[in-house]
Structures are given as C-alpha cells and as structure tokens.
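# Observations on chain architecture
The residues making up each chain are set out below.
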Amino acid sequence: MEGTNPVNKKLAAALSGGAVLVLALSGCSDDSNEKLDSWAKQVCDKVQPQAKKIEAANTAIQKETSDNSEPEQVQKTDSQAFQDMSDAYKAIGDAVDKAGAPPVDGGDKKQQNAVKELDKISTSYADLKKKVDKLDTGDQAKFADGLKGIAGQLDTLSQDGSDALKNLEEGDVGKAMAKQESCKSASATPSGS
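Calculation criteria
Residues numbered from 1 in each chain as written. Predicted model: local features only at pLDDT ≥ 70, side-chain atom pairs only at ≥ 80, totals over all residues. Heavy atoms only, no water. Helix = DSSP H or I, 4+ residues; strand = E, 2+ residues; numbered from the N terminus. Buried < 20%, exposed > 50% of the residue type's maximum accessible area, 1.4 Å probe, protein only. Contact = heavy atoms within 4.5 Å. Phe/Tyr/Trp six-rings, centres within 6.5 Å; stacked < 30°, edge-to-face > 60°. Axes fitted to C-alpha atoms, helices over the stretch in contact; angles between N-to-C directions. Parallel < 35°, antiparallel > 145°, perpendicular 65-115°, else oblique. Left-handed = near helix turned anticlockwise from the far one by under 90°. Nonpolar A, V, L, I, M, F, W, Y, C, P; charged D, E, K, R; others polar. Expected span 1.5 Å × (residues − 1).

In terms of helices and strands, the protein carries seven helices and zero strands. Reading the helices (α) and strands (β) of the protein from amino to carboxyl end gives α-α-α-α-α-α-α. Counting only residues that meet the buried cut, the protein has 45% of its 193 residues in that class. Long-range contacts, defined as pairs at least 24 residues apart, comprise 84% of the intrachain contacts of the protein with a sequence gap of at least 6.

What follows is the structure, encoded as structure tokens:
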C-alpha cells in the first residue's frame, strides 16, 4: 500500500492549524502600562518553550505523513505528538493561571476563561492520544478510518484553541503580549530545521 494516505494529510493540516494559534501572539503597539507589560512578559516567557514543543510535534506528524510511513510508525509518532501537545497546552494554561489576572477591565474573567479552555484542550489531546493508541495498525483500512475520526476532532480542537487565545488577547492584553520578545520569537520561529 504505497502512496501517502490522504487522511494523514488531513491530520497534519488540522494539527498545523492548532500550532498557529499558540504562535499567533504577535501584532504591534507602543502604548501600554508597566503592570500589563510585566504580566505579558511573564506569560510570553512561559509560552515560548511550549509553542516550540507544539511546533515540533506538528513537524513530526507532517514528516511521518509525507514519508509513506507504516501505520505502526504513524501511530507511534501521532501518539507522542498528542502527548506533547497535551502537556504543552496544560503548561500554557498553568502559566496564564500563575500570572494572575491581566490588569485590564474584565481581566479576571479573561484569565479564568483562558485557563479553563486551555486545560480542556490539554485533556482533549490526551484523549486523542488514547484513541490513536487503540487503533488497529494491522488493518490499514480500519487504521485509516480511525485516523479520519481523529482528524475531524482535531479540526474542532484547533478552533477551540483559537477562540481561547483570541479572547485572552483582545485589546490591550494582546498589544502588550505583541511587544514581548519571547512572544515575537515564538511566532517568528521557522518550522523545521
């Protein structure tokens, strides 16, 4: 069974969408206050290594899907990638939690919602890891079907992640984050090396 499985391609595409969200912490602005800048720096410094982890997981999956790999190898790579992503989103949620509420109107609510969403996404990736681990690699058609279901869930997950970060980054919070070197370098990191 040679040739790249189109389902794998869909999986990789859905995953890339997810990584972009975390890396979308850049924009431009000059006016802000020191408290907010300090908050943004604290979050960005913690987000950067996690963004790199998510990007590396994406790269691994894309490489696996373009290499006409055997189902066992795809399963192993996807499983590890989902675990890494689960850990990374959890760490980002923890970073936002520890930073406290951003010093803006409604900052408490913004922070709580973001943490809740990021934790939920972390749990969802952990669930996807379990699903991938259970797929039957001995039957290529069944394996492809299983991946198709997972790719569908990834699409939803990407959207959830996007919404969680978008809400956190609205207004002055996003502007302050955009000024931080660590957020800039997280979003400007080239994929692959």
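Having seen the model, we can carry on.
Here we take up the packing of aromatic side chains. Evaluation of the coordinates by the stated rule reveals two aromatic pairs. Seen in terms of ring centroids, Tyr89 and Tyr125 are 5.5 Å apart; in terms of plane orientation they differ by 10°. Their pairing is stacked. With a gap of 36 residues between them, Tyr89 in helix α3 (residues 71-99) and Tyr125 in helix α4 (residues 107-134) connect regions that are remote in the sequence. Relative accessible area serves as the criterion here: at 1%, Tyr89 is assigned to the buried category. Under the relative-accessibility criterion, Tyr125 is labelled buried at 1%. The structure contains a cluster of three or more aromatic residues connected by ring pairs, namely Phe82, Tyr89 and Tyr125.

So, about the packing of α3 against α4. It is at 8 Å that the axes of α3 and α4 come closest, and there the two elements cross at 165°. Taken together, α3 and α4 sit at an angle that is classed as roughly antiparallel. When the axes of α3 and α4 are compared, the crossing they make is left-handed. Looking at the contact of α3 with α4 residue by residue, the classes come out as 13 nonpolar, seven polar and seven charged.

Take Gln83: it is sitting in helix α3. A sequence separation of 39 residues divides Gln83 from Ser122, and the C-alpha atoms of the two residues are 8.8 Å apart.

With that settled, the discussion passes to α4. For α4, spanning 28 residues, the distance from its first C-alpha to its last is 41 Å, which sits close to the expected 40 Å at 1.5 Å a residue. Every buried residue of α4 is accounted for by Gly107, Lys110, Gln111, Ala114, Val115, Leu118, Ile121, Ser122, Tyr125, Leu128 and Val132.

Turning next to the environment of Ala114. Secondary-structure assignment places Ala114 in helix α4. For the pair Ala114 and Glu169, spaced 55 residues apart in the sequence, the C-alpha separation amounts to 9.7 Å.

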